[in-house]
Amino acid sequence: MATDLKKGARITGAARDKLASDLKKKYEKGASIRSLAESTGRSYGFVHRVLSESGVTLRGRGGATRTKKK
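The name recorded for the chain in an unreviewed UniProt entry is Putative transcriptional regulator, from Crossiella cryophila.

Structure follows, in structure tokens:
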């Protein structure tokens, strides 16, 4: 995936869009932000921000299995 990126290199434009869509797909399949950050060599904050920008509904702490109590 994005292993050719230098750590901390600024990603813009098409490369960022591609990374965002890859991250979005993986996150929606259940990958954690932390694991995505590790696999791309980016920080947790970067991955979180990219996901937010791409319109993903972020899960609460505790993963995808929790439901809200009424």
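1. Observations concerning the pattern of salt bridges
Evaluation of the coordinates by the stated rule reveals two salt bridges. Residue Glu53 is joined to Arg16 by a salt bridge in which the shortest nitrogen-to-oxygen separation is 3.0 Å. With a gap of 37 residues between them, Glu53 in helix H3 (residues 44-53) and Arg16 in helix H1 (residues 13-28) connect regions that are remote in the sequence. Overall, Glu53 belongs to the exposed group, its relative accessible area being 52%. A salt bridge links Lys18 to Asp22; its shortest N-O distance comes to 3.2 Å. You can see Lys18 and its partner Asp22 sitting in helix H1, four residues apart, about one turn around the helix. According to the relative accessible area criterion, Lys18 is exposed, its value standing at 52%. Since its relative accessible area comes to 16%, Asp22 is described here as buried.

2. Details of the packing of H1 against H3
The contact between H1 and H3 brings their axes to 9 Å, and the two run at 90°. On the basis of the axis angle, H1 is roughly perpendicular to H3. Every residue of H3 that contacts H1 at Arg16, Leu19, Ala20, Leu23, Lys24 and Tyr27 is listed here: Phe46, Val47, Arg49, Val50, Leu51 and Glu53. Of the residues that constitute the contact of H1 with H3, the class distribution is eight nonpolar, no polar and four charged.

3. What to know about H3
Restricting attention to buried positions, one finds in H3 the residues Phe46, Val47, Val50 and Leu51. When H3 is viewed along its axis, its buried side chains cluster within an angular range of 130° and face the same direction. Buried residues belonging to H3 abut H1 and helix H2 (33-40). Just past H3, the residue Gly55 takes up positive phi, approximately 80°.

Reading the values: the criteria
- Residues numbered from 1 in each chain as written.
- Predicted model: local features only at pLDDT ≥ 70, side-chain atom pairs only at ≥ 80, totals over all residues.
- Heavy atoms only, no water.
- Salt bridge = Lys/Arg side-chain N within 4 Å of Asp/Glu carboxyl O.
- Helix = DSSP H or I, 4+ residues; strand = E, 2+ residues; numbered from the N terminus.
- Buried < 20%, exposed > 50% of the residue type's maximum accessible area, 1.4 Å probe, protein only.
- Axes fitted to C-alpha atoms, helices over the stretch in contact; angles between N-to-C directions.
- Parallel < 35°, antiparallel > 145°, perpendicular 65-115°, else oblique.
- Contact = heavy atoms within 4.5 Å.
- Nonpolar A, V, L, I, M, F, W, Y, C, P; charged D, E, K, R; others polar.
- Arc of directions from axis to C-beta.

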